Amino acid sequence: MESPHLPTEIISYILSYLHVTDRKEASLVCKSWYEASQDHQFQKNATFKFPVSTSSLDFIRALARRPRCGLIISHLDGSSLSRQILLEVGLHLGPRLDSLALPGSSIIESSLLGVLPHLTSLRKLDLHGLDSLFMSGAFLSRQEHRQQVQKALGNLEELDLSDLRYLSDLSFNRLTSCTPRLRSLALAGCHIAFEFDPYRGSPVGSGSSALVSLRNLLSLLQKQASTLRSLDLSRTSITPESLRSIAQVPGLRLEDLSLHGCKELTDYSMEILCKHQNGLKTLDVRACTELTSRTVLAVATDLKELQSLSLSQDWKITDKGLTELMALPCLRTLDLSECLHVSGADLVKGLSSPQPRAQLQALSLRNCSYIRDTAIFSLAQLLGSNLRKLDLTSCVYLTDISVHAIATYLPALVVLRLGWCKEISDWGLLGMVEPTKNCEPRDKEPPSLPFQEKPRLVTDEDLGAFRDQEGASLLALRGLQELDLSACSKLTDTSITQVLRFADLQRLSLSMLPEISDDSLVSVALHCRNLTSLALNLCPQISDQGMARALPLLHRLQHLFMACCDGVTNETLSIIALHCDRLRTLDVSMCKDITVHQVELLQSRLPFLEKVQCRFANGADFTMVL
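Residues numbered from 1 in each chain as written. Predicted model: local features only at pLDDT ≥ 70, side-chain atom pairs only at ≥ 80, totals over all residues. Heavy atoms only, no water.

In the annotation of an unreviewed UniProt entry, the protein is listed under the name F-box domain-containing protein and assigned to Culter alburnus.

If you want it as structure tokens, here you go:
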């Protein structure tokens, strides 16, 4: 098939509306479509991920035709094949490579030095977890090697050294001396001696340490203060005094700072940080459990340019300070998940104030058990069409009223998570109000107990009214791409089949919905054909018959979770092998009628399948990670 009557530019324009996987399929139609799919607009920021294999060599050579790209090569080791792959990368892609990451690898210095000198345009280098490279302490110890690497990495902007157990002052200095223009440095999870050097058994002093020392880190920050804008010290033992020292480095103007899991930090150290680094745009202090609302007030007072703030798991934070926080005009993302004392009242108060105020695009209130319908109703009205991501997972007191408010006032939502909101029912998803019960007093009859009351089920007559109404059902969220309804156990086929009709939906979780059946599964597959991830764990009524009707419609499916689905057997695995050739993750744990032999057969037939979970499938305790 050829289409000579259409110019390549027109075909490229049409292909630009396709998902990347569909564009790949379209490129196989004919020569002109292939040429159109190679347009420069589709080559920007392309990153290719592949493991070590003999076929990787031909793939790397084929990439030489591309203008620029990034690589993620996993499971490199000391083998001759791994060394050859790195040499081919340097030979064919050297000056055109933008980024390089080597996850799950265990290479030695000579292997990496075989490729680094060729990567003269590299902007991002990810060495996280590469302990084998730094274990000997001799990395870049030779002057000629440092000169070669410095010549190649002189323009490197991002360096990730996270989770390196053997990173020392010497190796850190040697590497960073080759990267004089860093904008981003990640040291998350590294063993950094901030106050006490465990190898010397004494406080950190002069001289090199077997660990990276605070003194050495401060020296680097001083040298590169003019360019460094992002710093990640998450999961380190940074002390309040150390944070104050970093915050006051002359000339340092950080924009992004991550301190996730730094449990020793105090409010006073955060106040000093906010005062001296008032240009911060992103601040992550998740799981800094000693922080209180004093930190929130400091952020609201000093960080006027802040765009993203994460306070998740900071359990001492209350509503205090959130009113002032909502006065930050640039704030777009706020994570308050697991801040157990937050009720949302001060968020509403802050957003109700006159301009300027925060224009939130993402809000997480996951596990905030004090959140009630009144707060969500008010927040939905105030945030309106700006909000694109809302996480209300485990806000257990929310009811259908919140769902009505979300559907009415938040039409631009792309991500909605309502997992474990067990009071949500079919009525909420349908945008209807459950008919009120007779409230007239009844003589000589005791009042009914709460556990005796059952919600009235939706009837065919009610569905007729739903189709005729213009109410606020979940259907109003036309751009939804992710929806989590896990453990909303009152939901049934009635609402799922009528409401879940989102053309752009990519990720859906219906786990732990005991009342849904194959009808819901088939309806979802028919109306949500862009799904890449589908979770159906603990849905006992899902069967092979439903899978046989649904899976042929889900061509993009990459992740399928159906643990504890007793109605699913080996027949479903055969259906997956036929129709789900893009599948990467499969969970069939505790499916009693699925056998290990059939799982192994499925693995041999699906080339992209990376992870299979099948613990206790067919009664066996067996887990495969491919």
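Still more ground to cover, so stick around.
J.: Break down the overall build of the protein for me, with residues and values.
T.: The number of helices and strands found in the protein is 24 helices and 25 strands. Going through the 626 residues of the protein one by one, you find that 51% of them count as buried. If you take every contact in the protein between residues at least 6 apart in sequence, the share linking residues at least 24 apart comes to 77%. Carbon and sulfur atoms form 52% of the exposed surface of the protein, whose accessible area is close to 28300 Å². (Helix = DSSP H or I, 4+ residues; strand = E, 2+ residues; numbered from the N terminus. Buried < 20%, exposed > 50% of the residue type's maximum accessible area, 1.4 Å probe, protein only. Contact = heavy atoms within 4.5 Å. Areas by Shrake-Rupley, 256 points an atom, 1.4 Å probe, with all protein chains shown as cover.)

J.: Now, about the packing of helix α9 (residues 169–176) against helix α10 (residues 214–223): what can you tell me, with residues and values included?
T.: For the pair α9 and α10, the least separation of the axes is 10 Å and the interaxial angle reads 10°. Accordingly, the angle class assigned to the pair α9 and α10 is roughly parallel. For the pair formed by α9 and α10, the contact residues are D169, F172, N173 and T176 on the first element and R215, N216, L217 and L220 on the second. Grouping the amino acids of the contact of α9 with α10 by side-chain chemistry returns three nonpolar, three polar and two charged. (Axes fitted to C-alpha atoms, helices over the stretch in contact; angles between N-to-C directions. Parallel < 35°, antiparallel > 145°, perpendicular 65-115°, else oblique. Nonpolar A, V, L, I, M, F, W, Y, C, P; charged D, E, K, R; others polar.)

J.: Which residues make up the nonpolar core, and what values do they have?
T.: One finds L161, L185, L283, L325, L365, L500 and I576 to be the most contacted residues of the largest nonpolar core, which totals 175 residues. In contact with L500, not counting residues within four places along its chain, are L429, L483, L485, S495, L508, L510, V524, H527 and C528. Grouped together as the second largest cluster of nonpolar side chains are five residues, I11, L15, A26 and A36 included. (Core = buried A, V, L, I, M, F, W, Y, C linked by side-chain atoms within 4.5 Å.)

J.: Which residues make up helix α13 (residues 293–302), and what values do they have?
T.: Burial in α13 covers these residues: S293, T295, V296, A298, V299 and A300. In this fold, the buried residues of α13 make contact with α12 (267–276), β13 (282–284), β14 (308–310) and α14 (322–325).

J.: Help me get a handle on helix α8 (residues 143–152), residues and values and all.
T.: Within α8, the full set of buried residues consists of H145, R146, V149 and A152. End-on view of α8: buried residues confined to an arc of 130°, all on one side of the axis. Buried residues along α8 sit against α6 (109–113) and α9. (Arc of directions from axis to C-beta.)

J.: Could you give an account of the environment of R83, naming the residues involved and the relevant values?
T.: Positionally, R83 belongs in helix α5 (residues 80–93). Since its relative accessible area comes to 37%, R83 is described here as partly exposed. C-alpha separation for the pair R83 and S110, spaced 27 residues apart in sequence, amounts to 8.8 Å. Setting aside its immediate chain neighbours within four residues, R83 contacts G78 and S111. Within the local environment of R83, its side chain forms a polar contact with the backbone oxygen of G78, the two atoms lying 2.5 Å apart. (Polar contact = N/O pair within 3.5 Å; in protein donor to acceptor, adjacent residues only side chain to side chain.)

J.: Help me get a handle on the pattern of salt bridges, residues and values and all.
T.: Enumeration according to the criterion identifies 18 salt bridges in this entry. With a shortest N-O distance of 3.2 Å, K316 and E290 are connected by a salt bridge. Of this pair, K316 sits in the loop between β14 and α14 while E290 sits in the loop between β13 and α13, placing them 26 residues apart in sequence. A relative accessible area of 39% means that E290 is categorised as partly exposed. Measuring nitrogen to oxygen at the nearest pair gives 3.3 Å for the salt bridge that ties E610 to R584. Of this pair, E610 sits in the loop between α24 (596–605) and β24 (611–615) while R584 sits in the loop between α23 (570–579) and β23 (585–587), placing them 26 residues apart in sequence. A single network of salt bridges, built from pairs that share partners, joins E338, R366, D391, R417, E482 and R507. (Salt bridge = Lys/Arg side-chain N within 4 Å of Asp/Glu carboxyl O.)

J.: Hey, could you go over the packing of aromatic side chains for me, with residue numbers and the actual values?
T.: Aromatic ring pairs are described here by two measures, namely the spacing of the ring centres and the angle between the planes. Applying the stated criterion across every chain yields a total of five aromatic pairs. Aromatic side chains F50 and F59 sit 5.3 Å apart centroid to centroid with 80° between the ring planes, which places their arrangement in the edge-to-face category. Seen in terms of ring centroids, F377 and Y409 are 5.8 Å apart; in terms of plane orientation they differ by 85°. Their pairing is edge-to-face. You can see F377 sitting in helix α16 (residues 373–383) and its partner Y409 sitting in helix α17 (residues 400–409), a full 32 residues away along the chain. Geometry around Y397 places R372 over its ring, the cationic atom sitting 4.0 Å from the centre. (Phe/Tyr/Trp six-rings, centres within 6.5 Å; stacked < 30°, edge-to-face > 60°. Lys NZ or Arg CZ within 6 Å of the ring centre and 35° of its normal.)

J.: Pulling in residues and values, what's your account of the packing of helix α11 (residues 240–247) against α12?
T.: Between α11 and α12, the shortest axis-to-axis distance is 9 Å and the interhelical angle comes to 5°. Judged on the interaxial angle alone, α12 and α11 are roughly parallel. Across the interface between the two elements, P240, L243, R244 and A247 of α11 pack against Y268, S269, M270, I272, L273 and H276 of α12. When the residues that make up the contact of α11 with α12 are grouped by side-chain class, the tally is seven nonpolar, two polar and one charged.

J.: Any chance you could break down the pairing of strand β1 (residues 47–51) for me, citing the residues and the numbers?
T.: Residues F48 and F50 line the buried face of β1, whereas the alternating positions T47, K49 and P51 sit on a face that is not buried. Both β1 and strand β2 (residues 69–74) contribute to a ladder of five bridges, which runs parallel. Along β2, the bridge assignment pairs F48 with L71. Once the chain exits β1 it traverses helix α4 (residues 55–63) before rejoining the sheet at β2, and the crossover so formed is right-handed. (Pairing = 2+ DSSP bridges. Right-handed = clockwise from strand over helix to strand, strands pointing away.)

J.: Summarise the side chain of T239; cite the residues concerned and give the values.
T.: Within the secondary structure, T239 is located in the loop between β11 (230–232) and α11. The class for T239 is buried, based on a relative accessible area of 10%. When near neighbours in sequence (up to four residues on either side) are disregarded, T239 contacts E195, E264 and L265.

J.: An account of unusual backbone geometry is requested, with residue identities and associated values reported.
T.: Unlike most non-glycine residues, N367 shows phi in positive territory, near 65°. Of note, N367 is situated in the loop between β16 (362–364) and α16. Exposure remark for N367: the relative accessible area of 27% places this residue in the partly exposed category. With a phi angle near 60°, C564 is a residue other than glycine that sits in the positive phi range. Inspection of the secondary structure puts C564 in the loop between β22 (559–561) and α23.

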